[in-house]
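Coordinate analysis (summary)
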Amino acid sequence: MMKLYIYVVLPLLAALLALLFLTSPQDVTSVVLILPFAFIFSISFFGAYPVIRARGISHRARFGVATLLSALPTLLLILQSIGQLSLREAITIFAFFFIAYFYMVRSGVSVD
């Protein structure tokens, strides 16, 4: 099963690197500017999911926790790229994700 994730992550990583090295932000449309963030989210999701799965967490919880762990760095990178990330925003985002994680754990998401 781990090979499946490797076969998904490696092409995404190659596409991200090709996009970053072969394009210039001034020469591409705004849709292409969003692609690196989608690739980063996907790579971190497919990287976190098998690690969380190895801990014996249920499928529903794995998906939620992997999504949450992938969204945090992606959101921080998005805010940094548009020049809107300050210490206050970072603390607020970390607090929001901590509350979301706590809510997911308390809402009946159980460990197998």
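Residues numbered from 1 in each chain as written. Predicted model: local features only at pLDDT ≥ 70, side-chain atom pairs only at ≥ 80, totals over all residues. Heavy atoms only, no water.

1. Focus: the overall build of the chain
A count of helical and extended segments in the chain gives four helices and zero strands. When the elements of the chain are put in sequence order from the N terminus, they spell out α-α-α-α. Oriented by its inertia axes, the alpha-carbon framework of the chain measures out at about 50 × 40 × 20 Å. Taking all 112 residues of the chain together, 29% fall into the buried category. Considering only intrachain contacts with a sequence separation of at least 6, the fraction spanning at least 24 residues in the chain is 61%. As presented, the chain carries roughly 7800 Å² of accessible surface, and 73% of it is formed by carbon and sulfur atoms. (Helix = DSSP H or I, 4+ residues; strand = E, 2+ residues; numbered from the N terminus. Buried < 20%, exposed > 50% of the residue type's maximum accessible area, 1.4 Å probe, protein only. Contact = heavy atoms within 4.5 Å. Areas by Shrake-Rupley, 256 points an atom, 1.4 Å probe, with all protein chains shown as cover.)

2. Comments concerning the nonpolar core
The biggest cluster of nonpolar side chains holds 17 residues, and the ones touching the most others in it are Tyr-49, Ile-52, Ala-66, Leu-68, Leu-72, Ile-93 and Phe-97. Where this core is concerned, the elements lending two or more residues are helix H2 (30-54), helix H3 (59-81) and helix H4 (87-106). Among all residues touching Tyr-49, those that are not within four sequence positions of it are Tyr-5, His-59, Arg-62, Phe-63 and Ala-66. Val-9, Leu-12, Leu-16 and Ile-43 belong to the second largest nonpolar core, which has six residues in total. (Core = buried A, V, L, I, M, F, W, Y, C linked by side-chain atoms within 4.5 Å.)

3. Describing the packing of aromatic side chains
Scanning the entire structure with this criterion turns up seven aromatic pairs. Seen in terms of ring centroids, Tyr-5 and Tyr-49 are 5.8 Å apart; in terms of plane orientation they differ by 45°. Their pairing is tilted. Of the two residues, Tyr-5 is situated in helix H1 (residues 2-22) and Tyr-49 in helix H2; the sequence distance between them amounts to 44 residues. Using a relative accessible area of 9% as the deciding quantity, one classes Tyr-5 as buried. Ring centres of Phe-41 and Phe-45 lie 6.4 Å apart, and the angle between their planes is 20°; this geometry places the pair in the stacked category. Of this pair, Phe-41 and Phe-45 both sit in helix H2, four residues apart, roughly one helical turn. Exposure remark for Phe-41: the relative accessible area of 26% places this residue in the partly exposed category. (Phe/Tyr/Trp six-rings, centres within 6.5 Å; stacked < 30°, edge-to-face > 60°.)

4. Digging into the confidence of the model for the chain
Confidence in the prediction of the chain, expressed as mean pLDDT, is 87, and 92% of residues score 70 or more. Confidence, expressed as mean pLDDT per element, reaches its minimum in the chain at H1 with 88 and its maximum at H2 with 91. (pLDDT = per-residue confidence, 0-100.)

5. So, a nonpolar patch on the surface
Taken together, the side chains of Ile-6, Tyr-7, Leu-10, Leu-13, Leu-17, Phe-21 and Leu-22 present a nonpolar region at the surface, about 790 Å² in accessible area. On the secondary structure map, Ile-6 appears in helix H1. (Patch = residues over 30% accessible without salt bridge, like charges linked within 9 Å, V, L, I, M, F, W, Y side chains within 5 Å. Salt bridge = Lys/Arg side-chain N within 4 Å of Asp/Glu carboxyl O.)

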